[in-house]
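Below, each chain spelled out in residue letters.
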Amino acid sequence: MATENKAVITLFGATGDLAKRKLYTALFKLYQKGYLADHFALLGTSRHEMSDDEFQKLVQNSIKYIEETRTGEAADFAKHFFYKAHDVTKPEHYTILKDRIAELDKQFGTDGNRLFYMSMAPQFFGTIALNLKKQGLLSDDGFNRLVIEKPFGRDFDSAKKLNDELSKTFDEDQIFRIDHYLGKEMVQNIQALRFGNTIIESLWNNRYIDNIQVTLSEKLGVEERAGYYDNSGALRDMVQNHIMQIVAQLAMEQPVSFTDTDVRVEKIKALRSLRVYTPSEAAANFVRGQYDAGNGTEAYRDADGVDPESGTETFVAAKLLFDNYRWSGVPFYVRTGKKLADKFTRIDVVFKKPLIDIFADPRNESDQSLNSNVLTIFVEPKSGFAMQLNAKRAGQGFTTQPVNLSYLQSDTDKKEAPEPYERLFHDALEGNHTNFASWAEIAYAWKFVDVIRKLWDIEKPQFPNYTPGSMGPAASDELLARDGRKWVYRLNH
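Worth saying up front: this structure is predicted, and the values here are computed from it rather than measured.

A.B. asks: I'd like a rundown of the overall build of the protein, residues and numbers included.
C.D. replies: When you go through the protein residue by residue, the secondary structure sums to 16 helices and 14 strands. For 493 residues, the compact-globule estimate of 2.2 N^0.38 gives 23 Å, and the C-alpha radius of gyration of the protein, at 25 Å, lies within 12% of that figure. Across its three principal axes, the protein shows a C-alpha extent of roughly 85 × 55 × 45 Å. Taking as baseline every contact in the protein between residues at least 6 positions apart, the subset at least 24 positions apart corresponds to 78%. Working note: accessible area of the protein is about 23,000 Å², and carbon and sulfur atoms make up 49% of it. Looking at the protein, you have 63 positive and 70 negative side-chain charges, and the mean spots of the two groups are 3 Å apart.

A.B. asks: Break down the pairing of strand 13 (residues 384-392) for me, citing the residues and quoting the values.
C.D. replies: In terms of strand pairing, strand 12 (residues 374-380) meets strand 13 through 5 bridges, oriented antiparallel. Among the inter-strand pairings, Val374 is bridged to a residue of strand 13, identified as Gln388. Counted between consecutive antiparallel strands, the loop separating strand 12 from strand 13 contains 3 residues. Relative to strand 14 (residues 400-408), strand 13 runs antiparallel, the two being bridged by 9 bridges. Pairing of Ala386 across the sheet is with Ser406, part of strand 14.

A.B. asks: Summarise the UniProt feature "active site" (unreviewed entry) in the protein; cite the residues concerned and give the values.
C.D. replies: Cross-referencing UniProt, the feature "active site" (unreviewed entry) maps to His242 in the present numbering. Relative to the assigned elements, His242 resides in helix 10 (residues 233-251).

A.B. asks: Tell me about the pairing of strand 7 (residues 209-217), residues and numbers included.
C.D. replies: Among the 9 residues that make up strand 7, 8 are buried, leaving the element largely enclosed by the rest of the structure. Pairing geometry for strand 7 and strand 11 (residues 344-351), over 8 bridges, is antiparallel. Note that in strand 11 the partner of Ile212 across the bridge is Val349. Note: strand 7 against strand 10 (residues 332-337), 6 bridges, orientation parallel. Residue pairing in the sheet places Gln213 in a bridge with Tyr333 of strand 10.

A.B. asks: With reference to specific residues and values, describe the packing of helix 1 (residues 17-33) against helix 2 (residues 52-62).
C.D. replies: The contact between helix 1 and helix 2 brings their axes to 9 Å, and the two run at 90°. If you check the angle between helix 1 and helix 2, you find them roughly perpendicular. Along its contact with helix 1, which presents Lys20, Tyr24 and Thr25, the element helix 2 presents Phe55, Leu58, Val59 and Ser62. Of the residues belonging to the contact of helix 1 with helix 2, the class tally is 4 nonpolar, 2 polar and 1 charged.

The rules we used
- Residues numbered from 1 in each chain as written.
- Predicted model: local features only at pLDDT ≥ 70, side-chain atom pairs only at ≥ 80, totals over all residues.
- Heavy atoms only, no water.
- Helix = DSSP H or I, 4+ residues; strand = E, 2+ residues; numbered from the N terminus.
- Rg over C-alpha atoms; globule rule 2.2 N^0.38 Å.
- Contact = heavy atoms within 4.5 Å.
- Areas by Shrake-Rupley, 256 points an atom, 1.4 Å probe, with all protein chains shown as cover.
- Lys, Arg positive; Asp, Glu negative; His and termini not counted.
- Charge placed at Lys NZ, Arg CZ, Asp CG, Glu CD.
- Pairing = 2+ DSSP bridges.
- UniProt positions renumbered as here; feature names shortened; annotations may be inferred.
- Buried < 20%, exposed > 50% of the residue type's maximum accessible area, 1.4 Å probe, protein only.
- Axes fitted to C-alpha atoms, helices over the stretch in contact; angles between N-to-C directions.
- Parallel < 35°, antiparallel > 145°, perpendicular 65-115°, else oblique.
- Nonpolar A, V, L, I, M, F, W, Y, C, P; charged D, E, K, R; others polar.

And the structure:
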């Protein structure tokens, strides 16, 4: 049975693209399932002038594709939404918000619970947080929680400055930093797979695992995000947050209990053991790329809003190493990029081959060696697991072949699984930090990434260097080939 959450949600950036595409949809689904009911309200703010009625129509238009479970449900939901034009840089405007929040708290009986959601440019985060405290918008009775979108800084120094600003108003346990990959069903299944299965966790170490590969592949280019992306790049946009969070869950030790506090402790310990490269090590273990024109696609440099001489990377591949007892000597290979062969996210865990292949025939010149066992976690678009094993090929003689044991979520299971923002909104209302990044995790990730970013900022890249529809530049394959390895997922394989 769903437990109703009570709160007044103040949304900064209420007319933005994220709010209309994701946030109102997530809240409506929580409403349909009973996690939100009579005792919640949302006060939207932005610079645009708009009446409550106009705002409620905007919300209804944002959720119109979702099938209603009862007549008039969308209209009833929208009645919980209100709007006030607001300039976040003007302290006097917060007094108006304060009075309106107090009215909504009384009207909807939210017990003084307040959640502030920042869905706008990060340069305003500190200003908003400071004024929430100075102008008295925080509750003395219920909870006060802050949800913020990425990017959380551009490097360690800017991230620390931002965190220091937020910390003047909110404690760490009141801050919820969104990383929507942590809301994905199969990313959350990493811990269930590992810690819920003795057969997996007992082999989850350097005695049995040869390497781990993480691929976040995007088929689209920069599209309407060109202006933002050209000042960010794949390293900041994908590696520092999404990839680091996935890798931390793969590398962490088993927590004492499945609570947000204990899970965070182990993720932080894992990231502390991630080897921070010297500049020469970074040059050897990181690859960057930028897509050219081809296959009906314009080059990245020709996109609107992109510098014609841009050195921004749209692809990154890397070899990560953890200096701890469990993972010593096991490389974690990661890659992400735009305009690749397809859109998917997957994790491939490659196990070591037997020390002695008793089935190998020294008289046979062809390569009949055993294949590596590979555990694949499919994150998206399909969700599930697959395990590649070796088995005897049917027929006379004795040769082996790889076979797959697989589990894929049914369409029914997929439909029942909450979307990432639905899950994360619910967790924030519940005060559960398990699927949010802590400051310590972000700090260690930035310290690691900063070395690579500084190196790349002083070296001129040879761009463009890969064709749309490929899996990135040739150097990505060479990164593994140097170690005598290959990507598990590769084209024409």
